[in-house]
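Residue-level listing of the chains:
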Amino acid sequence: MKSFLIITWWEFIRHFKSWSFLISTFVSPVIFAGIVLIPTLFLEDPGQNRVRMLGCVEFDTTGLCQGIQERFVDVNAGSTIPPFMRFITIKADTTPAMRIRFENVAGLKKDLDSLEDAYNTIKERRKFVFQKPKSTGREASLRTTYDELIQTREARDLAQIEYQHAKLQADSLWRIETMRYADHLLNILQLEGYLLIDTQEFSQGIVEFHSLLPSNFLEIEPLKRAVQVVIVEQRLKQEGLRVDKIQEWLEPVLFREIQLQGDDKEEFDFIINYLGPIIVVLFLFISIFTSSGFLFSGVLKEKTNRVIELLLSSVNHYQLVAGKIMGLGLLGIFQIIIWYGLTLLLIGFNVLNASQISFLNLTNACLFLLYFVLGYLYFASIFVGIGSLFSNEEDAHHLNQFMRMLSIFPIVLAVLVLQTPNSLLVRILSFVPPLTPTFMILRTPLGNPPPLDYLISTGIMVVSIIISIFFAGKLFRAGSLLYGKKPRLKEIFAILIGRK
Amino acid sequence: MRVHIDKINKTFKEKPVVSHLSFTVHPGRILGLLGPNGAGKTTTLRMILDILRPDSGKITFDDKPINKNIRNQIGYLPEERGLYQKYSVMDVMLYFGRLKNLSRRKSHVETVRLLDSFEMIDYMEEPVGHLSRGMQQKLQFLVSLIHNPEILVMDEPMWGLDPINQERLQQKIFSLRDEGKTILISTHQLAEAETTCDYFVLINQGKAVLQGSLEQIRKNFYQNMIVLETSQKPEILKKIPSIRKIDVQNSVIYLYLDGNAPIRQIMQEIIQTIEISRIEIHKPSLHDIFIQTIKNIGK
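All of these numbers come straight from a predicted model, not from anything done at the bench.

The rules we used
- Residues numbered from 1 in each chain as written.
- Chains lettered and ligands numbered in written order.
- Predicted model: local features only at pLDDT ≥ 70, side-chain atom pairs only at ≥ 80, totals over all residues.
- Heavy atoms only, no water.
- Helix = DSSP H or I, 4+ residues; strand = E, 2+ residues; numbered from the N terminus.
- Contact = heavy atoms within 4.5 Å.
- Areas by Shrake-Rupley, 256 points an atom, 1.4 Å probe, with all protein chains shown as cover.
- Buried area = accessible area lost by both parts, 1.4 Å probe.
- Salt bridge = Lys/Arg side-chain N within 4 Å of Asp/Glu carboxyl O.
- Nonpolar A, V, L, I, M, F, W, Y, C, P; charged D, E, K, R; others polar.
- Core = buried A, V, L, I, M, F, W, Y, C linked by side-chain atoms within 4.5 Å.
- Buried < 20%, exposed > 50% of the residue type's maximum accessible area, 1.4 Å probe, protein only.
- pLDDT = per-residue confidence, 0-100.
- Pairing = 2+ DSSP bridges.
- Axes fitted to C-alpha atoms, helices over the stretch in contact; angles between N-to-C directions.
- Parallel < 35°, antiparallel > 145°, perpendicular 65-115°, else oblique.
- Disulfide = S-S within 2.5 Å.
- Phe/Tyr/Trp six-rings, centres within 6.5 Å; stacked < 30°, edge-to-face > 60°.
- Left-handed = near helix turned anticlockwise from the far one by under 90°.
- Expected span 1.5 Å × (residues − 1).

Caption draft 1: Spotlight on the overall build of chain B. Within chain B one finds 10 helices and 13 strands. For chain B, the proportion of contacts with a sequence separation of at least 24, taken over those separated by at least 6, is 67%. Carbon and sulfur atoms form 48% of the exposed surface of chain B, whose accessible area is close to 14400 Å².

Caption draft 2: View of the interface of chain A and chain B. Listed per partner, the contact involves 28 residues of chain A and 28 residues of chain B. Between chain A and chain B, roughly 2700 Å² of surface is buried when both sides are summed, and carbon and sulfur atoms account for 56% of that area. For the interface between chain A and chain B, the tally reads 1 salt bridge. Arg46(B) serves as the salt-bridge partner of Glu309(A), at 3.1 Å between the closest nitrogen and oxygen. For the side of chain A that touches chain B, the elements supplying multiple residues, two or more each, are α1 (2-16), α10 (270-304) and α11 (307-312) of chain A. The greatest single-element share of the side of chain A that touches chain B, amounting to 6 residues, is contributed by α1(A). In terms of residue class, the side of chain A that touches chain B is built from 10 nonpolar, 6 polar and 12 charged.

Caption draft 3: View of the nonpolar core. Core analysis: the largest hydrophobic core is formed by 154 residues, its most contacted members being Phe23(B), Phe96(B) and Phe141(B). In terms of residue count, α10(A) provides more of this core than any other element does, 14 residues in total. Setting aside residues up to four positions removed in sequence, Phe141(B) forms contacts with Leu77(B), Phe118(B), Leu152(B), Met154(B), Leu169(B), Lys172(B) and Ile173(B). Among the nonpolar cores identified, the runner-up in size contains 17 residues, and Phe72(A), Ile220(A), Ala226(A) and Val227(A) belong to it.

Caption draft 4: Broad picture of the confidence of the model for chain B. Averaged over all residues, the pLDDT of chain B equals 86, while 98% of them reach at least 70. Predicted complex, confidence summary: ipTM 0.80, pTM 0.66.

Caption draft 5: Structural view of the pattern of salt bridges. Evaluated as defined, the whole model comprises 27 salt bridges over all chains. Two residues, Glu177(A) and Arg180(A), come together in a salt bridge whose shortest N-O distance is 3.1 Å. You can see Glu177(A) and its partner Arg180(A) sitting in helix α5 (residues 136-187), 3 residues apart, about one turn around the helix. For Arg2(B), the salt bridge goes to Asp63(B), with nearest N and O atoms at 2.7 Å. Within this pair, whereas Arg2(B) is found in the segment before β1 (3-12), its partner Asp63(B) is found in the loop between β4 (56-61) and α2 (68-71), the two being separated by 61 residues in sequence. One salt-bridge network, in which partners are shared between bridges, spans Glu11(A), Arg14(A), Glu302(A) and Lys324(A).

Caption draft 6: Layout of the pairing of strand β11 (residues 243-249) of chain B. All names here are of chain B. Alignment of β11 against strand β12 (residues 252-257), held across 6 bridges, turns out to be antiparallel. Note that in β12 the partner of Lys245 across the bridge is Tyr256. In this antiparallel pair of consecutive strands, β11 and β12, the connection spans 2 residues, and Asn250 shows a positive phi of 50°.

Caption draft 7: Layout of the packing of helix α5 (residues 133-145) of chain B against helix α6 (residues 163-178) of chain B. Residue and element names in this part refer to chain B. The interhelical angle for the contact between α5 and α6, taken along N-to-C directions, is 10°, at an axis separation of 12 Å. Taken together, the axis directions place α5 and α6 in an arrangement best described as roughly parallel. Taken together, the residues of α6 that come into contact with α5 (itself represented by Lys138, Phe141 and Leu145) are Asn165, Arg168, Leu169, Lys172, Ile173 and Leu176. Residues that form the contact of α5 with α6 fall into these classes: 5 nonpolar, 1 polar and 3 charged.

Caption draft 8: Just the sheet that holds strand β2 (residues 15-25) of chain B, in detail. Residues and elements named next belong to chain B. Taken in spatial order, the 3 strands line up as β2-β1-β4 in an open sheet, and their pairing is antiparallel. At either margin of the open sheet sits one strand with a lone partner, and together these are β2 and β4. Across this sheet, the average inter-strand angle for adjacent strands is 20°, counted without regard to direction. Pairing of β1 with β4, which is carried by 5 bridges, proceeds in the antiparallel orientation. Counted as the bridge partner of Val3 is Phe61 from β4.

Caption draft 9: Focus on the state of the cysteines. Residues and elements named next belong to chain A. With the rule as written, the count across this model stands at 1 disulfide over all chains. Between the sulfur of Cys56 and that of Cys65 lies a disulfide, 2.1 Å long from S to S. Taking the sign of the torsion about the S-S bond as the criterion, the disulfide between Cys56 and Cys65, at about -75°, is left-handed. Looking at Cys56, the relative accessible area reads 0%, which means it is buried.

Caption draft 10: Inspection of the sheet that holds strand β9 (residues 207-212) of chain B at higher detail. Residue and element names in this part refer to chain B. Sheet architecture is open: 6 strands sit in the order β5-β6-β7-β3-β8-β9, paired in mixed fashion. Two strands in the sheet have a free side with no partner beyond their single neighbour: β5 (74-77) and β9. Strand-to-strand twist across the sheet, computed as the mean angle between neighbouring axes with direction ignored, equals 15°. Inspection of the sheet shows strand β8 (residues 199-204) paired to β9 by 5 bridges, in the antiparallel sense. From the neighbouring strand, Asn204 faces β9, where its bridge partner is Lys207. Lying over the sheet, α5 contacts β5 and β6 (151-155), oriented at roughly 165° with respect to β5. Docked against the sheet, α6 engages β3 (30-34), β6 and β7 (182-187), running at close to 145° with respect to β7.

Caption draft 11: Region of interest: the environment of Ile231(A). Mapped onto the fold, Ile231(A) is located in helix α8 (residues 221-238). With 163 residues separating them in the primary sequence, Ile231(A) and Ile68(A) have C-alpha atoms 9.2 Å apart.

Caption draft 12: Looking closely at the packing of aromatic side chains. All names here are of chain A. Going through the model one piece at a time under the given rule, you end up with 18 aromatic pairs over all chains. With centroids separated by 5.6 Å and ring planes inclined at 55°, the aromatic side chains of Phe16 and Phe21 adopt a geometry described as tilted. Looking at Phe16, the relative accessible area reads 31%, which means it is partly exposed. When the ring of Tyr378 is compared with that of Phe379, the centres are 5.4 Å apart and the planes differ by 75°; the resulting orientation is edge-to-face. Both residues of the pair, Tyr378 and Phe379, count as buried.

Caption draft 13: Region of the structure containing the packing of helix α12 (residues 317-348) of chain A against helix α13 (residues 362-387) of chain A. All names here are of chain A. Following both chains from N to C, one finds α12 and α13 inclined at 140°, their axes separated by 10 Å at the closest point. One element, α12, and the other, α13, form an angle in the oblique class. As α12 packs across α13, the resulting crossing turns out to be right-handed. Facing α12, whose interface residues are Val321, Lys324, Ile325, Leu328, Gly329, Gly332, Ile333 and Ile336, α13 presents Phe372, Val373, Tyr376, Leu377, Ala380, Ser381 and Val384. Of the residues contributing to the contact of α12 with α13, the split by class is 11 nonpolar, 3 polar and 1 charged.

Caption draft 14: Spatial organisation of the environment of Leu34(B). Residues and elements named next belong to chain B. Within the secondary structure layout, Leu34 lies in strand β3. What makes Leu34 buried here is its relative accessible area of 2%. Discounting residues that sit within four places of it in the chain, Leu34 has contacts with Lys41, Thr187, Leu190, Ala193, Phe200, Val201, Leu202, Ile203, Leu286 and Phe290.

Caption draft 15: Looking closely at α1(A). All names here are of chain A. The terminal C-alpha atoms of α1, which comprises 15 residues, lie 21 Å apart, in line with the 21 Å expected from a rise of 1.5 Å per residue. The buried fraction of α1 amounts to 11 of the 15 residues, a majority that puts the element mostly inside the structure. Buried within α1 are the following residues: Ser3, Phe4, Ile6, Ile7, Thr8, Trp10, Glu11, Phe12, Ile13, Arg14 and His15.

Here you go:
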């Protein structure tokens, strides 16, 4: 027992003092957090870093852009996205040539209006003359005004054609210029995208969204909601409904997402209930593989430099293996305690909100620790057994990589737990030893598994650990003195079934 | 503590590595376990240390099988040296001392004492990896002595040491023998074994082919051979009956005699026949015995 404790302490302290432990405890989590959080920041909540500009282009004065802008703010109130989105109406920066053209159109309009007025005046005058009693001057007057009327009408019709032609030309040019300007804003990245409102198409429910980056098309849901509201408002107005009623009916619905937690119910929070457990699982895995990795490389080094022979002349195989597993297991637990302490510090400094780790209550923390210990003992015994078979670092390194990849497989399957934490498939997979620690840690805050599942999974893990330690002991006893050659599968099998 | 190896057998992959091997190592004696590569020396040492278990036969220590107390009285110097390279000399010695059931304090005291006696005290805080190869060899030897063991098992103890340190190590081994320790050395260096060991066991293919003190072995390995030096041509000696073969090596003449040849009479005849500067009955060295024995087995 004393030798076991001495080995435990030695393994703990020598790895605790190593750079590898410092890196895996303090640097790896930062890198890991970066890998997890940076894409999340960009994909899920891009507005947190910068204000995103959205534009709206319209070619008349119906004010639809203004309406959409107002509804955009109202409809998305409470969401995290709108405060970081700005919605602006795009006005083309008209050139002097364009201004002259518009002035010309305005002049033509003025001319047309004055001709129209003149025409109407002549018509009125003729009407007045016509209504007077017949006299010698009446006929002459009617004839004279008729000629005037015809001339003025011709002049007005010509002016109208000229005006419409000029206006059409100006409008087309202005439309082209406006869109060119809007596209320019996209190209220089001042706009993420813009809505193109054509009044006629808008009334039919058709709106165009123009953007440069593909990712922007995935993020226009808040804008779509606002446009939808404006279109519905417009249609209801056409049906003769009161504006205030329409706005009341179109108030956004507040969805409260309540998740069943056994006998309790809790409001669902993405970070608390979804991302949190995954992060905990990943951290526990970092710890398991840091410790198991130390164990693997430690055994390999001791075998390579023959220290193992010296150790085995002082203690037996079981004491040595057990001391190593225990020492590095304690190191893993210590690492978790450091992380837990750092988390509390982050809460203390208001970097983290305490509610965000509310799933780490005492019961869950104890369950996490239980499955960490079970998972560690299971993987550590496999690693120590296999590590003892090799004396060549290169061969062992390849196998180590392969083992790590296999061990990360449960995390890949974790998506099943996230979708349906208590489905039959997930429950069955929870009882498969390599998957048990990951699945049960994930299921605990997500699905509140029945007590029977805890009992069965713990029982299965305990039996699996006993079996794996038994075989690891056999491999270690035979493998620790096996030098200079790569063991073949046949030999490993022979060791396992006790023929060697 | 007397170590008795009694008809032990060990087989790997259906190939016998040690067969019916028996010998005894007595306190105050140094036993040399000799043999060619693959003879089963290291396997035998590992069985004595209980790292491997014999398939049959038994190993006793003062008539008792190995137990924790006995294990703590054995010091082991493995053939291929290696210690924790990143850790200080003191830490490493403390760790192995503690594993041998020494208290922390006692372990510390013994470490300082041993390092001082081997003039390594200045390196106490140095990482093992910073020491020269020879220093690491010495350190490994000290690790095997930290708990003042009753039994010392050493595999090629002189390997890699310079002559001065070989001499120092040998003196230490002698002093341990004189203190009554039981010492077992496995070595290839026969000249070193000849000067260090009191008793020899030569094993080949797992079997003891020869054992005893150097004198006993020489007696058993008695060769009818006369060595002489002369300025004359040795062919003249062929006329003397019982001289089977004449061999000349570096101006030294080896005369091989028949099995029952009367050596003294032949020597008289040689002296009368030619003028000699030296004549003696040949005493085979351990090396000669080793080579000859292995060759004979091969035949």
